[in-house]
Amino acid sequence: MNGIGVGLSQHQDPKKAVAEAVQEASQSLEGDSTFCMVFFTTHHIASHQVIFQDLQEHLQHDNISGCSASGVLAGDQEVTSCGLVVLLSNQLDAVSFGTKQTHRESASALQQLKEFDLSITEQSPKQHGDNQVMLVFPDHYTIQSHNVINSLNYLGSSKAIFGVSSCDDGTLEKASQLGGGRAFFGGLSGLVLKGVRSLNWGVVHSGTHMGDPLFITKIQNNAIVELDDFPALEVFRTLAHSRGMQNLEEAFGQTLGAFSKQQYSQDFNPAAWESRPIDGVDVSNQGLVFPHMITPSEIFSFVHRSPYTAIDALETMLAELDLVDEKPSFGIYLNCAGRGEPLYEKEHVEAQAIQNKFGTIPLIGLQGSFQFARYQNSMQLYVFTGILLLFYL
């Protein structure tokens, strides 16, 4: 018994799903829980009030944080059809929050987040050896990704910050949040973990780099025109052909562009790179179009996305995290909806790989739309990416 337990239910009835997941997680606890993290799939979104109320009744507290997702993870299982997962603890010093813009004149959800962060800091100033970690789950459909990143950059918090956007499987285009003593649509939820002795984390992209990094030497709006003074499309064709991709359509489907904010740096940590899909070709300039504005002199790399390269990238991240000579107390996996079975073409690949590497730890996670993390004092925005957090208490 380590004071942390994880439970999973695939029952379609939300009340029975809560009861099953809580019962499984409670088996690892001595005494009652003081904190609950919960994630659930699209099937349960309409019942989010029932889920929150039943969790309150079972646990006898409302220190609950979580959201909806396109998929959930618990232990060595990953579920996308119908699933609800909980993490219960009486060991973690955690505070949940939930913020929502209720009317036009009220403070925005992100402004409310700043006020919450300040209140937490005032209540419990950070002590030596007390690592505070903030997890944020913004609504994918009501809060734009770059608004999240810009707001968190200006938050001025001393905490480590990670997050993933809450969502569904795309059928409802609706996301639910649980936090701050309520369940609601729109806004964001999350939590602050205090008193974390140590945190080890890593980022995994959906493939491996194709060749050495390149400098962006010419752009046109959101198109890369030249890489290392060569036409970008020509560079891409050459690299794609070297990987056995015979035509551009096939190559676009298996390739991401990766941008590094660490200009002129030899930092090849995956956390420093932001992957983006290639939107198409700028025919007139023979450039590659991406879904965001590009800065000249950025460091750039093509990433080959396939089941095999994704597994290589996953194993590399896990090997680097395993260098710590101590078993993690528990883990949280913030994953992308474009990963998991759609990427690996098999079920439970990532959950089982994590458990095999670290020897069965309490592990909970979700698949959301976009992911983010603070790296070297700046927020990074990720897609097609997984962020694994390993906690040592």
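Provided above is the structure to which this section pertains.
The structure presented is a predicted model; accordingly, all values stated were derived computationally and were not measured. (Residues numbered from 1 in each chain as written. Predicted model: local features only at pLDDT ≥ 70, side-chain atom pairs only at ≥ 80, totals over all residues. Heavy atoms only, no water.)

## Describing the pairing of strand β3 (residues 64-68)
Taken across its 5 residues, β3 has 5 buried, putting it largely inside the fold. Two strands pair when backbone bridges link them, and strand β2 (residues 35-40) and β3 are joined in this way by 5 bridges, in the parallel orientation. Bridging across to β3, F39 finds its partner in C67. The handedness of the β2 to β3 crossover, carried by helix α2 (residues 48-59), is right-handed. Across 2 bridges, the pairing between β3 and strand β10 (residues 176-179) is antiparallel. Following the sheet pairing, C67 is matched in β10 by Q177. (Buried < 20%, exposed > 50% of the residue type's maximum accessible area, 1.4 Å probe, protein only. Helix = DSSP H or I, 4+ residues; strand = E, 2+ residues; numbered from the N terminus. Pairing = 2+ DSSP bridges. Right-handed = clockwise from strand over helix to strand, strands pointing away.)

## Quick look at the environment of I364
Here I364 shows up in strand β24 (residues 363-368). Residue classification places I364 among the buried positions, given a relative accessible area of 0%. Excluding anything up to four places from it in sequence, I364 contacts M37, F39, L73, V85, V86, L87, G331, I332 and Y333. (Contact = heavy atoms within 4.5 Å.)

## A word on the nonpolar core
Grouped together as the largest cluster of nonpolar side chains are 42 residues, with contacts concentrated most on M37, F39, L135, L193, I332 and L334. Excluding anything up to four places from it in sequence, M37 contacts S65, V85, V86, L87, L135, L191, I332 and I364. Residues F97, V148, L188 and L381 belong to the second largest nonpolar core, which totals 21 residues. (Core = buried A, V, L, I, M, F, W, Y, C linked by side-chain atoms within 4.5 Å.)

## Quick word on the sheet that holds strand β8 (residues 131-138)
Strand order in the open sheet formed by 6 strands is β7-β12-β8-β9-β25-β26, with mixed pairing between adjacent strands. For this open sheet the edge positions go to β7 (93-99) and β26 (378-382), each flanked by a neighbour on one side alone. Each adjacent strand pair in this sheet contributes to an overall mean axis angle of 20 degrees, direction not counted. Across the face of the sheet, helix α4 (residues 145-153) comes into contact with β8, β9 (160-164), β25 (371-375) and β26 while running at roughly 165 degrees to β26. (Axes fitted to C-alpha atoms, helices over the stretch in contact; angles between N-to-C directions.)

Scope: geometric values only; no functional claims are made or implied.
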